[in-house]
Amino acid sequence: MAAILSIQNISKSYGPIMALKGVSFDVPEGSVFGILGPNGSGKTTLLGTILDVLVAKGGSYSWFGGMQHDAARRQIGSLLETPNFYHYLSAFDNLEITAAIRGRGKDDRDRVLQQVGLYERRKSKFQTYSLGMKQRLAIGAALLGNPKVLVLDEPTNGLDPAGIAEIRDLIRKLNSEGITIIIASHLLDEVEKVCTHVAILKRGDLLLNGPVNEVLLSEDQLEVRAADMDALQQALQTMNGIKKIKLVDNTLQLACDPNITPAQVNEFCISKGIVLSHLLLRKKSLESKFMELTTSPQPSPKEREMGSAAQV
Ligand code: ATP
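Residues numbered from 1 in each chain as written. Predicted model: local features only at pLDDT ≥ 70, side-chain atom pairs only at ≥ 80, totals over all residues. Heavy atoms only, no water.

A.B. asks: Is there a simple way to explain the overall build of the chain in this structure?
C.D. replies: When helices and strands are counted, the chain shows twelve helices and 13 strands. If one aligns the C-alpha atoms of the chain with their principal axes, the spans along those axes are about 75 × 45 × 30 Å. Across the 312 residues of the chain, 47% fall into the buried class. Long-range pairs, those at least 24 residues apart, make up 67% of the contacts in the chain between residues at least 6 apart in sequence. Per element, the accessible surface of the chain, about 15,400 Å² overall, is 50% carbon and sulfur. Separation between the mean location of the 35 positive side-chain charges and that of the 34 negative ones in the chain comes to 4 Å. (Helix = DSSP H or I, 4+ residues; strand = E, 2+ residues; numbered from the N terminus. Buried < 20%, exposed > 50% of the residue type's maximum accessible area, 1.4 Å probe, protein only. Contact = heavy atoms within 4.5 Å. Areas by Shrake-Rupley, 256 points an atom, 1.4 Å probe, with all protein chains shown as cover. Lys, Arg positive; Asp, Glu negative; His and termini not counted. Charge placed at Lys NZ, Arg CZ, Asp CG, Glu CD.)

Quick look at the structure:
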């Protein structure tokens, strides 16, 4: 997939606070790209920078392979803060005001309302909407002018589970219609459910990025047990593709290369005359990966390069 946005070495500080410390990654066209991080990690600052709301101290970014910024902006819909809709006006009338303020999309309202599933309720007053519907209207406002990319900051903040599910479905639908979506969020399970790619930030450092599947796959773990645990451990030490073996509570935990399947491990053990009494594939969730990355002291990429073990 070609990169729709390429971010190179972006840094940004507020006085002494380094909000972004040389962040680089690409957002592939057609992806749902989650920017994750705990509070204060720099997500909003990064979105503000790539939307030209904030000026970076260093580094650069390019949209659509280097399109001029004003032209690129017209292809991008964004929702950084909830728009101030008028409670006593309908969705249709509210969108007219939004379109006038943004200077785009006045004739686009029917299409947008259909896109976010509010067409039937277009004449209802905003105050009669559920929280999920209000947020769908906010996303609808960002869709005025038919952008190719949607940038959303914490789109499910403050919603109940039903509202969160509505937004999740909408994001999937918009993405299936060809819109690339960039979402900043701290709701890891949501990101896991809806995103194809992810970048994790901590205190302005990029900790990792890549396709969600690859990030998760590389962290899968196999658990095995057999009657003779010593023989099992010795046998598995000779198997190609097993990177790490750890004995925990009379169970061996195996970190394997992504191409190693449980069936292959089973076959290997049988070929060594060992019958497994337990074989379990534990998928590491993004949440546990995230907690591990963001709560344990980690050297920043720069510190790692310098070989320093300083804590962040
Ligand atoms: P949250 O999830 O809490 O919104 P975030 O990941 O979006 O956090 P940012 O809001 O980008 O993070 O903040 C990154 C760092 O920059 C934080 O330490 C924050 O306190 C600081 N910061 C953000 N905006 C400003 C500002 N206008 N003035 C001073 N410091 C700021």
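A.B. asks: Would you mind showing me how to read unusual backbone geometry here?
C.D. replies: Even without a glycine there, the phi angle at Asp-52 is positive, about 65°. With respect to the element layout, Asp-52 can be found in the loop between helix 1 (43-50) and strand 4 (58-63). Overall, Asp-52 belongs to the partly exposed group, its relative accessible area being 37%. Even without a glycine there, the phi angle at Phe-64 is positive, about 50°. One can find Phe-64 in the loop between strand 4 and helix 2 (69-73).

A.B. asks: Honestly, empty space enclosed by the protein in this entry has me stumped. Any pointers?
C.D. replies: Unoccupied space between atoms shows up once a probe the size of one water molecule is rolled over them. Applying the stated criterion across every chain yields a total of one cavity of 30 Å³ or more. Of the pockets and cavities examined, the largest cavity occupies roughly 80 Å³. Forming the boundary of the largest cavity are Pro-155, Thr-156, Arg-168, Ile-171, Ile-183, Ser-185, Glu-190, Val-191 and Val-194. Counting only elements with at least two residues in the lining of the largest cavity, the list comes to helix 6 (161-176), strand 7 (180-185) and helix 7 (188-194). Ranked by the residues each element gives to the lining of the largest cavity, the list is headed by helix 7, at three residues. Looking at the lining of the largest cavity residue by residue, the class counts come to five nonpolar, two polar and two charged. (1 Å grid on protein atoms, 1.4 Å probe; cavity = no way out; pocket = protein on both sides within 12 Å on 5 of 7 lines; lining within 4 Å. Points joined across faces, edges and corners; volume = space filled by probe spheres on them. Nonpolar A, V, L, I, M, F, W, Y, C, P; charged D, E, K, R; others polar.)

A.B. asks: What's the story with the nonpolar core in this structure? I'm lost.
C.D. replies: Generally speaking, a soluble globular protein has its nonpolar side chains buried in company with each other. Counting 44 residues, the largest nonpolar core has Leu-137, Ile-139, Leu-150 and Ile-181 as the members making the most contacts within it. Excluding its chain neighbours within four sequence positions, the residues that come into contact with Leu-137 are Phe-85, Ala-91, Leu-95, Leu-113, Leu-118, Phe-126 and Tyr-129. If you look at the next biggest cluster of nonpolar residues, it comprises 25 residues, including Leu-5, Ile-35, Tyr-61 and Val-151. (Core = buried A, V, L, I, M, F, W, Y, C linked by side-chain atoms within 4.5 Å.)

A.B. asks: Any chance you could explain helix 3 (residues 91-102) here in plain terms?
C.D. replies: Owing to its 3.6 residues per turn, the α-helix aligns residues three or four sequence positions apart on the same side. Between its terminal C-alpha atoms helix 3 stretches 16 Å, which fits the 16 Å expected from twelve residues at 1.5 Å a residue. Among all positions in helix 3, only Ala-91, Asn-94, Leu-95, Thr-98 and Ala-99 are buried. The arc that holds every buried residue of helix 3, seen down its axis, measures 140°, which confines them to one face. Of the surrounding secondary structure, the elements contacted by the buried residues of helix 3 are helix 4 (109-115) and helix 5 (131-143). (Expected span 1.5 Å × (residues − 1). Arc of directions from axis to C-beta.)

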